[in-house]
Amino acid sequence: MSQFRFKQFVIDHGNCGMKVSTDGVLLGAWAQPGTASNSLDIGTGTGLLALMLAQRFAHLSLTAVEYDPSAFHCATLNVRASRFAAQIQLHHGDINDFACREQWQHIVCNPPYFTSGALSSNPQRAVARHASTLSHPALIACLKRLLAPTGCADLILPTKEANAFIENAQAQGLYLQRRVLVSPTPEKAPSRVLFTLSPTTGAVRSDTIAVREQDGTYTQAFADLTRAFYLKLS
């Protein structure tokens, strides 16, 4: 299926290395810009996160950066076809070289997460999934450079990679603010972590969420979080 239909926009991901995933939808529904007026989407892929945030926050001005040409083309088509096109500016380039006049109050990123192992034979999928074109230390350096002093960054990673990322970020002066452990079902161990980093310190807010019940249906917590987006959730 080359298209994924949400309640207020459509994502065409046929030529994009990273398809619409539960990870992306979770992050887009959970990310919290708060009172921020601007948000930066690092590695926008299909444009999913930028579109989800635009739907949730009408006041938010978004800039979405994408390195891969095919993914950038895909995001451009998806954003232009949506009702949120006026809120989102797309930038084709390497985030490591991205220059801006001001720092960002909010950043969102669903980063490449494989830090070891074989690359995908599909070059686009390899860029989207493997941290070879944007290493986690390089991403932390970008967050450190681009975040405003009181800003925050929302991300999602597999549990092992998230714990290492958080530890390395805190060593660089970016501190954990929020964390949600995500389990496939209530009986299984967490496989993903949603987390918020900021240059400011404070008490960490922690929570857990399971995606599905044992019978395969969505849990009430997941349904409540994503109801504004999934067509199958009324």
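From a predicted model like this one, the values you see are computed outputs, not experimental measurements.

> Explain the pairing of strand 3 (residues 38-42) residue by residue, including any values.
Burial analysis of strand 3 places 5 of its 5 residues in the buried class, which makes it a mostly covered element. On strand 3, burial covers both faces: Asn38, Leu40 and Ile42 on one face and Ser39 and Asp41 on the other are all buried. Regarding topology, helix 2 (residues 48-56) serves as the crossover connection from strand 3 to the parallel strand 4 (residues 61-66), and that connection is right-handed. Sheet topology note: the strand 3/strand 6 (residues 104-109) ladder contains 3 bridges and is parallel. By the bridge assignment, Ile42 is partnered in strand 6 with Cys109.

> So what's going on with helix 3 (residues 69-80)? Residues and values would help.
For helix 3, with 12 residues, the first-to-last C-alpha span of 16 Å sits near the 16 Å given by 1.5 Å per residue. All of the buried residues in helix 3 are Ala71, Cys74, Ala75, Thr76, Asn78 and Val79. On the buried face of helix 3, the contacting elements are strand 2 (10-12), helix 2, strand 4 and strand 5 (88-92). Where helix 3 begins, the side chain of Asp68 points an oxygen toward the backbone nitrogen of Ser70, at a separation of 3.2 Å.

> Just give me the short version of the packing of aromatic side chains, but keep the residues and values in it.
Summed over the entire model, instances satisfying the criterion amount to 8 aromatic pairs. Ring plane angle 55° and centroid distance 5.8 Å describe the contact between Phe165 and Phe195, whose orientation is recorded as tilted. With Phe165 in helix 6 (residues 159-171) and Phe195 in strand 9 (residues 192-198), this residue pair connects regions lying 30 residues apart in the sequence. One exposure class covers both Phe165 and Phe195, and it is buried. Plain terms: the ring middles of Phe222 and Tyr230 are 6.2 Å apart, the flat faces sit at 35° to each other, and that makes the pair tilted. A relative accessible area of 0% means that Phe222 is categorised as buried. The exposure class assigned to Tyr230 is buried, which follows from its relative accessible area of 4%. One aromatic cluster is present, formed by Phe4, Phe6, Phe9, Tyr218, Phe222 and Tyr230 through successive ring pairs. Over the aromatic face of Trp30 sits the side chain of Arg178, whose NZ or CZ is 3.7 Å from the ring centroid. If you follow Lys232 out to its NZ or CZ, it ends over the ring of Tyr230, 5.4 Å from the centre.

Definitions and limits used
- Residues numbered from 1 in each chain as written.
- Predicted model: local features only at pLDDT ≥ 70, side-chain atom pairs only at ≥ 80, totals over all residues.
- Heavy atoms only, no water.
- Buried < 20%, exposed > 50% of the residue type's maximum accessible area, 1.4 Å probe, protein only.
- Helix = DSSP H or I, 4+ residues; strand = E, 2+ residues; numbered from the N terminus.
- Right-handed = clockwise from strand over helix to strand, strands pointing away.
- Pairing = 2+ DSSP bridges.
- Expected span 1.5 Å × (residues − 1).
- Contact = heavy atoms within 4.5 Å.
- Polar contact = N/O pair within 3.5 Å; in protein donor to acceptor, adjacent residues only side chain to side chain.
- Phe/Tyr/Trp six-rings, centres within 6.5 Å; stacked < 30°, edge-to-face > 60°.
- Lys NZ or Arg CZ within 6 Å of the ring centre and 35° of its normal.

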